[in-house]
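Listed below, chain by chain, are the residues.
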Amino acid sequence: MSSSREYLDFILEQLSDLDEISYRAMMGEFIIYYRGKIAGGIYDDRLLVKPVRGAIELMPEAEYELPYEGGREMLLVGDVDNRDFLTELFNRMYDDLPEPKTKKRK
């Protein structure tokens, strides 16, 4: 099952207080970037984020779920209706997120 554009739009609206939120469509799902770093994504109309220290500390009871078969476990964000919570979550995660990989020139 792929994610709906409506759910993406809802999540982007919830994250609109943050600067530099972007996304990329990927095989029917959406990867969410925060200030150039991959923070998580929308998979089957679920917001999942990378299990980095800031996210784990803020959501210690969060469930780990697979974004897709064969993927790495991510944290399910249950409180997507709370804009302040989502803003805090992404801000706390940022320093723990890996730097983007640089593409090698051929």
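Heads up: the structure comes first, above all this text.
Scoring rules and cut-offs
Residues numbered from 1 in each chain as written. Predicted model: local features only at pLDDT ≥ 70, side-chain atom pairs only at ≥ 80, totals over all residues. Heavy atoms only, no water. 1 Å grid on protein atoms, 1.4 Å probe; cavity = no way out; pocket = protein on both sides within 12 Å on 5 of 7 lines; lining within 4 Å. Points joined across faces, edges and corners; volume = space filled by probe spheres on them. Helix = DSSP H or I, 4+ residues; strand = E, 2+ residues; numbered from the N terminus. Nonpolar A, V, L, I, M, F, W, Y, C, P; charged D, E, K, R; others polar. Pairing = 2+ DSSP bridges. Contact = heavy atoms within 4.5 Å. Axes fitted to C-alpha atoms, helices over the stretch in contact; angles between N-to-C directions. Buried < 20%, exposed > 50% of the residue type's maximum accessible area, 1.4 Å probe, protein only. Expected span 1.5 Å × (residues − 1). Polar contact = N/O pair within 3.5 Å; in protein donor to acceptor, adjacent residues only side chain to side chain. Arc of directions from axis to C-beta. Core = buried A, V, L, I, M, F, W, Y, C linked by side-chain atoms within 4.5 Å.

S.K.: Which residues make up the layout of surface pockets, and what values do they have?
M.R.: Counted as a void, the largest pocket has a volume near 910 Å³. Of all the secondary structure elements, the ones that give two or more residues to the lining of the largest pocket are β1 (21-26), β2 (29-34) and β3 (37-43). For the lining of the largest pocket, the element with the most residues is β3, which contributes four residues. Tallied by class, residues from the lining of the largest pocket come to 13 nonpolar, three polar and 10 charged.

S.K.: Mind laying out the sheet that holds strand β6 (residues 74-76), listing which residues take part and the relevant values?
M.R.: Pairing in this open sheet of six strands is antiparallel, and the strands run β1-β2-β3-β4-β6-β5 from one edge to the other. Either end of the sheet is taken by a strand with one partner, and the two such strands are β1 and β5 (64-65). Bridge count for β1 against β2 is six bridges, and the pairing is antiparallel. Paired with Ser-22 across the bridge in β2 is Tyr-33. Strands β1, β2, β3 and β4 (46-49) of the sheet are contacted by helix α1 (residues 5-14), whose axis makes an angle of about 165° with β1.

S.K.: Explain unusual backbone geometry to me, using residue names and the numbers behind them.
M.R.: Positive phi outside glycine occurs at Met-27, with the angle close to 55°. Tracing the backbone shows Met-27 in the loop between β1 and β2. Even without being glycine, Asp-45 reaches a positive phi, approximately 55°. Note that Asp-45 resides in the loop between β3 and β4. Overall, Asp-45 belongs to the partly exposed group, its relative accessible area being 27%.

S.K.: Residues and numbers for helix α3 (residues 83-94), please.
M.R.: Between the first and last C-alpha of α3 there are 17 Å, a value that for 12 residues agrees with the 16 Å anticipated at 1.5 Å per step. Restricting attention to buried positions, one finds in α3 the residues Phe-85, Leu-86, Thr-87, Leu-89, Phe-90, Met-93 and Tyr-94. For α3, the elements touching its buried residues are α1, β1, β2, β3, β4 and α2 (53-58). N-capping of α3 is provided by Asn-82, with a side-chain oxygen placed 3.2 Å from the backbone N of Asp-84.

S.K.: Pulling in residues and values, what's your account of α1?
M.R.: For α1, the set of buried residues is Tyr-7, Leu-8, Ile-11 and Gln-14. For α1, the angular spread of the buried residues around the axis is 125°, confining them to a single face. Residues of α1 that are buried make contact with β1, β2, β3, β4 and α3.

S.K.: Break down the nonpolar core for me, citing the residues and quoting the values.
M.R.: Counting 27 residues, the largest nonpolar core has Val-49, Met-59, Val-77, Leu-89 and Phe-90 as its most contacted members. Those elements that provide at least two residues to this core are α1, β2, β3, β4, α2 and α3. Ranked by residue count, the leading element in this core is α3, at six residues. When residues no more than four places from it in sequence are discounted, the contact partners of Val-77 are Leu-47, Val-49, Met-59, Phe-85, Leu-86 and Leu-89. Ile-31, Tyr-33, Tyr-43 and Leu-48 belong to the second largest nonpolar core, which has five residues in total.

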